[in-house]
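# Descriptive analysis of the structure
Chain by chain, the residues run as shown.
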Amino acid sequence: MATQVERETETSEAQIAVHWREEEYIHPSPKFIGQANASDPAIFERFSEKNFPECFKEYADLLSWDQYWHTTLDTSNAPFWKWFVGGKLNASYNCVDRHLAKDRNKAAIIWVPEPEAEDTQAITYQELYRRVNEFAALLQDFCGLKAGDRVTLHMPMVPELPVTMLACARLGVIHSEVFGGFSGAACGDRAADSGSEVLITMDAYYRSGELIDHKIKADEAVTVSSEKGNEIKKVLVWQRYPGKSSSPTPMVPDRDVFVNELLNTYRGKIVPPVSMPAEAPLFLMYTSGTTARPKGCQHSTGGYLSYVAGTSKYYQDIHPEDTYWCMADIGWITGHSYIVYGPLALGATTVMYEGVPTYPDAGRAWRIAERLNVNIFHTAPTTIRMLRKVGPDEPKKYNYHFKHMTTVGEPIEPGVWEWYYNVVGKGEAAIVDTWWQTENGGFLGSTLPALQPMKPGSCGPGVLGINPVILDEEGNVVEAGSGRAGNICIRNPWPGIFQTVYGQPERFVEIYYAKYNKNKDSKDWHDWPYFAGDGALQAADGYFRILGRVDDVINVAGHRLGTKELESACLTIEEVAEAAAVPVMDEVRGRAVEMYVALKPGNKPSKEIEEKVGESIERLIGKVARPKAVWVVADMPKTRSGKIMRRVIASISNFTDVGDITTLANPDIVDTIRHQVQAEKVSRGQQPRELSPTELEEIKRFGQAE
Ligand code: WTA
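Here is a short report on the structure shown in this document. What you see is a predicted model; the values in this text were computed from it and never measured.

Procedures and definitions
- Residues numbered from 1 in each chain as written.
- Predicted model: local features only at pLDDT ≥ 70, side-chain atom pairs only at ≥ 80, totals over all residues.
- Heavy atoms only, no water.
- Helix = DSSP H or I, 4+ residues; strand = E, 2+ residues; numbered from the N terminus.
- Rg over C-alpha atoms; globule rule 2.2 N^0.38 Å.
- Buried < 20%, exposed > 50% of the residue type's maximum accessible area, 1.4 Å probe, protein only.
- Areas by Shrake-Rupley, 256 points an atom, 1.4 Å probe, with all protein chains shown as cover.
- Lys, Arg positive; Asp, Glu negative; His and termini not counted.
- Charge placed at Lys NZ, Arg CZ, Asp CG, Glu CD.
- Pairing = 2+ DSSP bridges.
- Axes fitted to C-alpha atoms, helices over the stretch in contact; angles between N-to-C directions.
- Phe/Tyr/Trp six-rings, centres within 6.5 Å; stacked < 30°, edge-to-face > 60°.

Scanning the protein chain for helices and strands turns up 22 helices and 30 strands. At 25 Å, the protein chain has a C-alpha radius of gyration in line with the 27 Å of a compact globule built from 706 residues. Projected onto its principal axes, the C-alpha positions of the protein chain cover 75 × 60 × 60 Å. The buried share of the protein chain, reckoned over its 706 residues, is 63%. Accessible area of the protein chain: about 26,000 Å², with a carbon and sulfur share of 51%. Of the side-chain charges in the protein chain, 75 are positive and 93 negative, and the distance between the mean point of each set is 2 Å.

Glancing now at the sheet that holds strand S16 (residues 323-326). On the basis of which strands lie adjacent, the open sheet formed by seven strands has the order S5-S4-S17-S16-S18-S19-S20 and mixed pairing. The open sheet terminates on both sides in strands that have one partner only, identified here as strand S5 (121-124) and strand S20 (430-434). Strand-to-strand twist in this sheet, taken as the mean axis angle between neighbours without regard to direction, amounts to 20 degrees. In the sheet, strand S4 (residues 107-112) pairs with strand S17 (residues 349-353) via four bridges, with the strands oriented parallel. When the sheet's bridge partners are listed, Val 112 is paired in S17 with Tyr 353.

All right, on to the packing of aromatic side chains then. Taken as a whole and judged by the stated rule, the model has 43 aromatic pairs. Ring centres of Phe 56 and Trp 83 lie 5.6 Å apart, and the angle between their planes is 90 degrees; on these two criteria the pair is classed as edge-to-face. Taken together, the positions of Phe 56 in the loop between helix H3 (42-46) and helix H4 (57-60) and Trp 83 in strand S2 (residues 82-85) put the pair 27 residues apart, joining distant regions of the chain. No difference in accessibility class separates Phe 56 from Trp 83, as the two residues are buried. When the ring of Tyr 59 is compared with that of Tyr 314, the centres are 6.2 Å apart and the planes differ by 40 degrees; the resulting orientation is tilted.

Right, let's talk about the sheet that holds strand S25 (residues 544-549) for a bit. To summarise the sheet geometry, strands pair through backbone hydrogen bonds and adopt either a parallel or an antiparallel arrangement. Sheet architecture is open: four strands sit in the order S21-S22-S24-S25, paired in antiparallel fashion. If you trace the sheet from one side to the other, it starts and ends with strand S21 (468-471) and S25, each paired once. Neighbouring strand axes in the sheet, compared pairwise and without regard to direction, differ in orientation by 45 degrees on average. Pairing of S21 with strand S22 (residues 485-490), which is carried by four bridges, proceeds in the antiparallel orientation.

Shown next as structure tokens:
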């Protein structure tokens, strides 16, 4: 029997079809095609399903193996796939050592500090080799770290971050970098989850012209980690200005050390790369999900590195002579795969920028591109929207030429895409809109830039060797061109897929595979479609349009924030009885968070409580999660079983129709909240524009995943 909610969903899917305007194809220039790494359509045949899984040998062969693998894909413990079994390699060797023979003096990393008066640093492969070896020696001898140990990194966008990652990889130590903008508490939480005894951080870094104290977060991380039963024994502190402390936070004796001082002892030390099994974990990357506990996505050495090398070559079109700039943060999976591991595995030059793209003015990004002669550029829709807002004509003033550009992390509106193409790319660059996730290691949906035309707003078809399908709630295939939306899944495993949720293998199976698996004992990969957690629509030409998350995750400026994480941060406030987080459309960030809270009896709404909510979220998660508005309401709309109807409050926040509320236990509260919230928003001038059909759909669907 179809419930009311299901019927509503069906209608709106049909509506999408009606309103759905297919954008025209845009073809890459002959100049781009002429030089592309993948320009022969025979590549599609090589990666076709009939050649699965052996097709991925082409990616693995981009690496140097100490020992070749005997089994490309082992499915015996499905869905815990094993790739390139029997193979051995070292990721640090592949990203550094092997390039020395030919490219010793080529720039591996070009680092641009935020203050424009500070010199750009070009770090050659030789210099990177030195730094990685010396720091690996320190990790090994001073910290006693060895293969399999976990280490938490909480570092900003400085070259010491890739040096640290590669030094860990050299020893087989599993790094877990927490985004520098996250709070000390969030870092401590993740350190405890991974059982890290060492925390590596930086004293300070620049953000919008301010030298921010970052060391202070390490102290909180240690405290929070210890509360969760995990002692961090050592805190290694890199210095933003070596030899000079840039943080007022004192060092804790016997626990904290300045890396720069200690490194003198290791000058010139060489540490042989540890030959690791392909299946050994390379790193963890935490991401939000439907519960308050973040998920440590565990990525492998051989499969992951092969996948990012292959996709960097064909989809980023990186050639040895290119200057490639991905303006993401390494604390995000994009930075791991497409600033560090992919480009360096290919021996390319990768640019890193410390600060805010619009600091000190709207032309900064384009000045960097001009000065360094960047020809491949990679960023997220939220950044593109911001750059357009502050400087719609700035790119024209600078003499740079991109051959290729990427967008990643959120759906991009066709209008924003067009500005990116015409103004940033000057109509010359091929664009790839890459859809993927922290869990995936690398791209899942994109056009192959020289061989498949672009279509604004659609990521494109599945990438080489990836076979996506849209399934409805019952597991039936939703046909391409049907105009109906559903859950996008990947039918087959691939080398970049994460191995497990660290320490929670049951959650790995439950979240990503249980939904569509009919036989849990099956060892046949066909029985295990990967559930991505995104809603999507497939056009008749096979291109996908990603609609956004179907779980309770809000994508704010490309950061995945779990509603449960936000809500549990609010519930630490004494006066708060209930909390609900909902997304609201935001011109620049895509989505922003609004928090609704109801108070315990005896408490009155006040500005102080609203402040406390914002502060506790910032303290427990980070500034990125700070809500745009906090609404203290008399009660939450609830079902008769007591479940908060997030869809209803999300509709109020977005000025859309609240839909059917007759099944609520307290339908009267809806009007009360609507008056309170919408009147205040109108007085603040925050009434949003009319929403598109897909945005309406997202709001209607919100909170239904539970
Ligand atoms: C969304 C980022 C539309 C999606 C690499 C996904 C996108 C989540 C795109 C993963 C895109 C990512 N178009 N939506 N090109 N790329 N998403 O883990 O909802 O930070 O599930 O990985 O971002 O975010 P994550």
